[in-house]
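# An overview of the molecular structure
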Amino acid sequence: MAVENRSRKEAASKRINAAFESLLALDVAQNDWAAAATLYTEWRSIGLGLSHIHFRLNAAQLHNAIGPEIQMTKSPDQSATRRHFLAAISEKLDKVTPKSVHYGTLSREQTTAKRVFMTAAQFKKHFDANTRIRMLVAESDTPFTLLTALYYAKLFGVDDHVEISPLFETAVGLERGDRVIAELVDNPHFLAYIKAQGRFCLQLGFSDSGRYIGQPAATLAIERFKLRVIRLWKQRGLGDVQLLFFDTHGESMGRGAFPESLKKRFLYTQPPRVRQWLAELEQPEKHEVSFQGGEGFLWFLAEDTALATLTDFLEVRFGNYSADEDPFYEQKGWSLDFFLTLVEYQEHLTENKGYVRLIDGIGRSLLFPTGSRSMRRQSGSAVHQRLERISQIRAIPHNAVLQQLGYLANSCAGLGTAIARSPDMFEALHEKSDRLQMVTSLAVNALARSDVGVIEAYAKLLSPGYWLDRSDEIPTLDGREKLRRLSRILEDLFEADAVDACIRKLRRDAGTLTDCVTDDAMTAALTAGAPDAELFELHQIRIGLIQYIYLKAMEIPRFSTRFDFSLEELLVELLHLEVPDTIAQLRKIFPEAPFESHDEVYGEETTYEGGASSGYATAHREIFDKLELAYNLVLEISGLIALKAGAFG
């Protein structure tokens with residue numbers, strides 16, 4: 001039916017445009033005209049959709065699709081082969097002929113990248129031929145990836161309909177992304193493509209970049225990246241191509257949401273120096289910014305807050321900006337050293353074995369399951385699957401884990417070390433630099449919501465020495481044996497020595513940063529970010545609940561291996577706070593059901609009522625039920641801690 005009515009839809013779209021234009025030309029009441037103009041603006045902006053349509057691909061999906069066609073046996077980014085593969089994809093672009101597809105073609109195609117472009121072709125044909133689709137390409141660390149995307153756009157006839165938009169969010173991507181773009185505009189096919197489009201869309205990810213190099217360094221890296229792209233645009237005479245920067249961030253400081261006001265948040269993501277340089281281009285730039293998570297919806301739930309959000313955005317958007325007098329940009333050597341120190345500290349931190357164990361130990365289990373991609377194991381194994389590096393956990397749960405552990409390391413860690421390199425210069429610049437004040441303000445706000453003592457208390461729970469020390473204080477032999485057993489199981493499980501060393505590293509940096517909070521701007525940020533005492537009281541209560549879970553786990557009766565699970569394996573799961581799945585297994589191993597005679601089945605009577613193994617009602621009531629209740633309380637407190645830490649998603 002959609003195929004048969006395609007021409008009718010196209011004609012209807014033209015009639016709708018004409019009707020709007022005729023209506024707006026009439027002399028009607030102001031309120032009616034404004035309502036019609038608003039609806040028409042939405043129609044022209046997003047067409048038949050409910051919002052802008054974004055498709056997402058990553059580099060691996062594009063490489064997997066094109067690999068067999070050009071015999072790509074190595075990475076296209078290796079120095080020995082990159083030129084060869086760039087030449088190969090350019091040759092395919094020279095010869096590409098558009099192909100038509102239908103839904104049958106789409107259903108048979110197994111390659112993700114091809115399916116996405118085929119879907120775009122079907123959208124264009126059957127739903128909306130006028131509204132462009134943003135084709136986000138993650139991990140765009142090489143021009144080959146984006147040229148491959150352009151090849152498939154041309155192959156399926158949607159190069160005039162999709163906006164190929166590279167996403168830069170890793171330290172490597174932000175460092176060399178402008179060189180990737182320079183090579184792209186050197187390619188005649190891509191240059192012709194963006195000129196025909198009339199704009200070039202780039203997406204910058206605060207969440208992921210902050211996971212790898214911390215938020216203070218991430219915002220500086222993104223700013224430096226934007227300035228290099230603008231400089232490239234000027235050098236290449238691309239004034240007829242609009243630059244569009246789409247900044248994505250989440251609902252908290254750890255994902256790049258500035259904590260003080262929306263106006264400052266918009267200036268944090270798109271700083272005055274960037275706005276100043278963009279204003280010098282021939283084409284007006286476009287700035288898009290995301291509102292993600294629960295907080296993203298909060299601003300728009302009421303008309304008053306929605307209007308305030310919009311007016312804040314417009315006020316910032318149409319302001320005039322100059323950063324020529326900002327000493328942060330004049331002192332290039334110091335600013336670069338400051339930035340590189342932040343990056344170095346965070347990179348060493350995220351590679352630190354103790355930091356990975358901190359995040360992995362119990363942190364992920366402090367969160368409610370969210371999103372479409374699980375952050376937990378999917379196998380049937382009972383043994384906890386450990387993280388070996390931070391890149392194995394997504395940015396959102398990583399940020400959330402730090403909130404739950406009580407120290408927002410990706411937002412404030414490293415700043416004290418960077419300041420200590422040259423404290424006098426920092427103090428002199430900070431007093432006069434709006435940009436430096438904004439960067440440090442986010443970190444100091446995060447510090448106000450953090451306490452190294454809290455994360456140290458959580459780490460103590462994972463330390464075999466802590467429980468061994470506590471065993472000496474227990475008056476009963478049975479109690480002492482339980483704590484010694486717990487200490488033995490914890491031995492080497494969480495690599496407590498490495499965790500302790502990591503916390504000492506954080507303490508030194510936090511102490512230095514606290515000592516540097518001396519001027520009025522930093523003191524104000526520290527005061528503004530300070531939560532009420534309930535935040536740390538919630539941590540205390542939850543630490544007590546986790547201790548209860550650990551001790552209650554030591555009461556589980558011993559059993560021979562059942563259902564391929566041993567008691568030791570299930571205890572390891574419980575010590576990682578993976579309570580629901582573990583309790584489900586324990587309920588199978590220790591069935592609660594009482595003995596049933598089944599006399600009618602076997603045709604004779606039994607008077608034996610069953611022994612102790614015929615039902616474990618006491619274990620269910622006194623151990624399993626209480627473990628589940630305690631863990632449910634842990635999760636409820638997690639929600640409260642997230643709110644107190646300034647996150648709403």
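Residues numbered from 1 in each chain as written. Predicted model: local features only at pLDDT ≥ 70, side-chain atom pairs only at ≥ 80, totals over all residues. Heavy atoms only, no water.

## Concerning the packing of helix H3 (residues 59-70) against helix H7 (residues 143-155)
Orientation of H3 relative to H7, taken along the N-to-C sense of each, is 70 degrees, at an axis distance of 10 Å. The orientation of H3 with respect to H7, classified from their angle, is roughly perpendicular. Facing H3, whose interface residues are Ala59, Leu62, His63, Ala65, Ile66, Glu69 and Ile70, H7 presents Phe144, Thr145, Thr148, Ala149, Tyr151 and Tyr152. Among the residues making up the contact of H3 with H7, the classes are represented as nine nonpolar, three polar and one charged. (Axes fitted to C-alpha atoms, helices over the stretch in contact; angles between N-to-C directions. Helix = DSSP H or I, 4+ residues; strand = E, 2+ residues; numbered from the N terminus. Parallel < 35°, antiparallel > 145°, perpendicular 65-115°, else oblique. Contact = heavy atoms within 4.5 Å. Nonpolar A, V, L, I, M, F, W, Y, C, P; charged D, E, K, R; others polar.)

## Here's the deal with the sheet that holds strand S6 (residues 286-289)
Read from one edge to the other, the open sheet built from six strands follows the order S1-S2-S3-S4-S5-S6, with strand pairing classed as parallel. Each edge of the open sheet is held by one strand with a lone partner, namely strand S1 (53-58) and S6. Strand-to-strand twist across the sheet, computed as the mean angle between neighbouring axes with direction ignored, equals 25 degrees. Where S1 lies against strand S2 (residues 133-138), six bridges are found, and the strand directions are parallel. Bridge pairing in S2 links Ile53 to Ile133. (Pairing = 2+ DSSP bridges.)

## With respect to the environment of Asp186
Following the sequence through the fold, Asp186 ends up in helix H8 (residues 171-186). Taking the C-alpha atoms as reference points, Asp186 and Arg236, 50 residues apart in sequence, are found 9.4 Å from one another.

## Remarks on the nonpolar core
Note on soluble globular proteins: their nonpolar side chains tend to be buried together. With 179 residues, the main nonpolar core has Phe117, Trp233, Leu243, Phe338 and Tyr550 as its most contacted residues. Ranked by the residues each element gives to this core, the list is headed by helix H11 (residues 215-235), at eleven residues. If we skip the residues at most four places from it in the chain, Leu243 touches Phe200, Leu202, Val229, Ile230, Trp233, Leu278, Leu281, Glu285 and Lys286. (Core = buried A, V, L, I, M, F, W, Y, C linked by side-chain atoms within 4.5 Å. Buried < 20%, exposed > 50% of the residue type's maximum accessible area, 1.4 Å probe, protein only.)

## Topic: the packing of helix H31 (residues 579-589) against helix H33 (residues 617-644)
For any two helices packed against each other, the geometry is given by the interaxial angle and the distance between the axes. At a minimum axis distance of 10 Å, the contact between H31 and H33 shows a crossing angle of 165 degrees. One way to sum up the angle between H31 and H33 is to call them roughly antiparallel. Judged by the sense of rotation from one axis to the other, the crossing of H31 with H33 is left-handed. Within the contact between the two elements, H31 uses Val579, Pro580, Ile583, Leu586 and Arg587 and H33 uses His620, Phe624, Asp625, Leu627, Glu628 and Tyr631. Across the contact of H31 with H33, the residue classes tally to seven nonpolar, one polar and three charged. (Left-handed = near helix turned anticlockwise from the far one by under 90°.)

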